[in-house]
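# Residue-level structural notes
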Amino acid sequence: MYYQTAEPFKIKVVEQIKKSTKRERQQWLKEAGYNAFRLKAEQVYIDCITDSGTSAMSDKQWAAMMIGDESYAGCKSFYNLETSVQDVFGMPYVQPTHQGRAADYIMTRIYAKPKKYAIGNMHFDTFRGNAEVLGALPVDYVVDEGLNSVGNTGYPFKGNIDLNKMQNLINEKGAENISVVIVTVTCNNNGGQPVSMQNLREVSKLAKKYNIPVVIDSARLAENAYFIKTREKGYENKSIKEITREMFSYCETATMSSKKDGLVNIGGLFVTKNKDVFAMANQLAIVHEGFITYGGMSGRDMEALAVGLQEATSEDYLEYRIQQVKYLGDQLLKRNVPIIEPTGGHGVYVDGRRFFENIPQCEFPSQRLVVAMFEEAGVRCVELGACAFGSKDSDGNPIWPALELMRIALPRRVYTNSHLDVIANVCGDIYKNRNSFSGLKLVYEGPITALRHFTAGFELL
Ligand code: F0G
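Described in the following lines is the structure provided in the data block. Because the structure is a prediction, the values reported are computed rather than measured. (Residues numbered from 1 in each chain as written. Predicted model: local features only at pLDDT ≥ 70, side-chain atom pairs only at ≥ 80, totals over all residues. Heavy atoms only, no water.)

### A look at the overall build of the protein chain
- A count of helices and strands for the protein chain gives 17 helices and 16 strands.
- The C-alpha radius of gyration computed for the protein chain amounts to 21 Å, which stays within 12% of the reference 23 Å derived for 461 residues, consistent with globular compactness.
- Over its C-alpha atoms, taken along the principal directions, the protein chain stretches across nearly 60 × 55 × 45 Å.
- Put simply, the protein chain has 461 residues, and 57% of those count as buried.
- Taking contacts inside the protein chain between residues at least 6 apart in sequence as the whole, the part at least 24 apart equals 72%.
- Total accessible area on the protein chain is roughly 19,700 Å²; 51% of this is exposed by carbon and sulfur atoms.
- Considering the protein chain, the positive charge centre built from 53 side chains and the negative charge centre built from 53 side chains are found 1 Å apart. (Helix = DSSP H or I, 4+ residues; strand = E, 2+ residues; numbered from the N terminus. Rg over C-alpha atoms; globule rule 2.2 N^0.38 Å. Buried < 20%, exposed > 50% of the residue type's maximum accessible area, 1.4 Å probe, protein only. Contact = heavy atoms within 4.5 Å. Areas by Shrake-Rupley, 256 points an atom, 1.4 Å probe, with all protein chains shown as cover. Lys, Arg positive; Asp, Glu negative; His and termini not counted. Charge placed at Lys NZ, Arg CZ, Asp CG, Glu CD.)

### A look at the site of the ligand
- Taken together, 16 residues lie near the ligand, and Thr50, Arg101, Asp217, Ser257 and Lys260 sit nearest.
- The side chain of Asp217 places a nitrogen or oxygen atom 2.8 Å from a nitrogen atom of the ligand.
- At 2.8 Å, a side-chain N or O of Arg407 approaches an oxygen atom of the ligand.
- When residues of the shell around the ligand are assigned to their parent elements, the largest contribution, three residues, is made by helix H4 (residues 100-111).
- Among the residues forming the shell around the ligand, the class breakdown is one nonpolar, eight polar and seven charged. (Near = heavy atom within 4 Å. Polar contact = N/O pair within 3.5 Å; in protein donor to acceptor, adjacent residues only side chain to side chain. Nonpolar A, V, L, I, M, F, W, Y, C, P; charged D, E, K, R; others polar.)

### Things to note about the sheet that holds strand S6 (residues 214-217)
- As summarised here, the arrangement of the seven strands in space is S2-S8-S7-S6-S5-S3-S4, forming an open sheet in which the pairing is mixed. In this open sheet, the two edge strands, each paired with only one partner strand, are strand S2 (93-97) and strand S4 (137-140). Across this sheet, the average inter-strand angle for adjacent strands is 20°, counted without regard to direction.
- Across four bridges, the pairing between strand S5 (residues 178-184) and S6 is parallel. From the neighbouring strand, Thr184 faces S6, where its bridge partner is Asp217.
- Contacts from helix H7 (residues 197-209) reach S5 and S6, with the element oriented near 175° to S5. (Pairing = 2+ DSSP bridges. Axes fitted to C-alpha atoms, helices over the stretch in contact; angles between N-to-C directions.)

### Re the nonpolar core
- With 64 residues, the main nonpolar core has Phe89, Met166, Val181, Val183, Met247 and Leu269 as its most contacted residues.
- Setting aside residues no more than four positions away along its own chain, Met166 makes contact with Ile119, Tyr141, Ile161, Val181, Val203, Leu206 and Ala207.
- Ala36, Ile339, Val350 and Met373 belong to the second-largest nonpolar core, a separate cluster that totals 48 residues. (Core = buried A, V, L, I, M, F, W, Y, C linked by side-chain atoms within 4.5 Å.)

### Remarks on the packing of aromatic side chains
- Counting across every chain of the model gives 14 aromatic pairs.
- Seen in terms of ring centroids, Phe364 and Trp400 are 6.0 Å apart; in terms of plane orientation they differ by 80°. Their pairing is edge-to-face. Linking Phe364 in the loop between helix H13 (352-355) and helix H14 (365-377) with Trp400 in the loop between strand S13 (398-399) and strand S14 (405-409), this pair joins segments that are 36 residues apart in sequence.
- Through a chain of ring-to-ring contacts, the aromatic side chains of Phe355, Phe356, Tyr431 and Phe437 assemble into a single cluster. (Phe/Tyr/Trp six-rings, centres within 6.5 Å; stacked < 30°, edge-to-face > 60°.)

### Some words on empty space enclosed by the protein
- Taken as a whole, this structure holds one cavity of 30 Å³ or more when the rule is applied.
- Space inside the largest cavity adds up to approximately 70 Å³.
- Along the walls of the largest cavity sit Asn35, Ala36, Phe37, Gln367, Val370, Cys381, Val382, Glu383, Cys387, His453 and Phe458, which together make up its complete lining.
- Secondary structure elements with two or more residues in the lining of the largest cavity: H14 and strand S11 (382-384).
- Taken together, the residues of the lining of the largest cavity break down into seven nonpolar, three polar and one charged. (1 Å grid on protein atoms, 1.4 Å probe; cavity = no way out; pocket = protein on both sides within 12 Å on 5 of 7 lines; lining within 4 Å. Points joined across faces, edges and corners; volume = space filled by probe spheres on them.)

### Points about the pattern of salt bridges
- The final tally for this structure, using the stated rule, is 22 salt bridges.
- For the salt bridge of Arg201 with Glu246, the shortest nitrogen-to-oxygen distance reads 3.2 Å. Linking Arg201 in helix H7 with Glu246 in helix H9 (residues 240-249), this pair joins segments that are 45 residues apart in sequence. (Salt bridge = Lys/Arg side-chain N within 4 Å of Asp/Glu carboxyl O.)

Geometric values such as these leave the question of function open.
Now the structure itself:
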């Protein structure tokens, strides 16, 4: 065991990636309006735009796909998935959906209410979008440490909900005006930061006191469980599944984008303990997704997910996964690149404000870094800052977000540490020359500000 610290797999199938010249990449950037979402994947050398749906599947998952049962109703693949989900979540009722946002939609219809608050640590865009369409009021109550992007204060669970903020809202608005609490594990918007078991327990206790239901958005449930095992006292000797089951003992319902810790390319889940909620979820699934026993997934995709959930909750895999993210973080720190510390579960988040101190937030420093990373090396990352999370007040004046980040998301089981060295080298070199860069001007945004990052166009200043 002492020497056996390498990746817990060997590579059986490979996909070629293409090299390109800087001149080609400059042209492609121009054509894409300096928006990484508008690049063609073929133009990318190392793709870190997301960890979602980009996992490499195992031989066992591919084998399982061959026995997918594509019957419309009651297919065997659903029951295999149901058994695997019950094992990991410890919850009885399972409704598959085509991906996470569909589960979000169903959950929003059931739990969010117009003009009522939905408390979260940091709500993910797809819930926020669904909630806003419904007229609900999503609020982000992550602990203050979760918004600190400077240095490492040693705080291990920067995804926790601030219980005081939660209690104050209850006191101020009345419990009847709060329809749901949603805890996202890990917290995607501030670095893939984990939520502790203690926080889940206390949030659940406080919510129960006022009869407010708790939902867990569990896209990265296994990564969160690994952090609990390695950082929280009392959990070091528990298995990952004992931890996930305890996590879900503190909620009524969970949604999941299985494109993350499900280790598959498509799929989602709505899982609950409440029979009445399940009946309603079934109806909404039939209208929007598909019949109850497939909900927008093919039988083969459900088979792959049933196996993927088991692989993702294996400790060997999680140790490799979390260590790989940390490896990239350490390489960047060695090159003085300002990142969110400690590193979280699914990527490394660079602080755009501290990186480009000479570029104001209205000139999109993190997006400028996305552009530079692609121009220099063909590495594609994603902005989570002024463009993605910026909003406007009722007079149309811009409101800039608290965090200004570039996320380097790591697909699961896809890249080796040599790929990560490329990323660290290019980012380190850009940092050395940081004073020679100027910002960007936003020249196009679509009709919905909350979604503008997907289609925005920029010009170099
Ligand atoms: N919840 C969280 C926490 C997510 O990170 C995502 C997706 C979703 C829900 C929606 O799931 O994509 O399957 O519909 N996050 C991706 C990302 C897109 O890049 O972080 P989906």
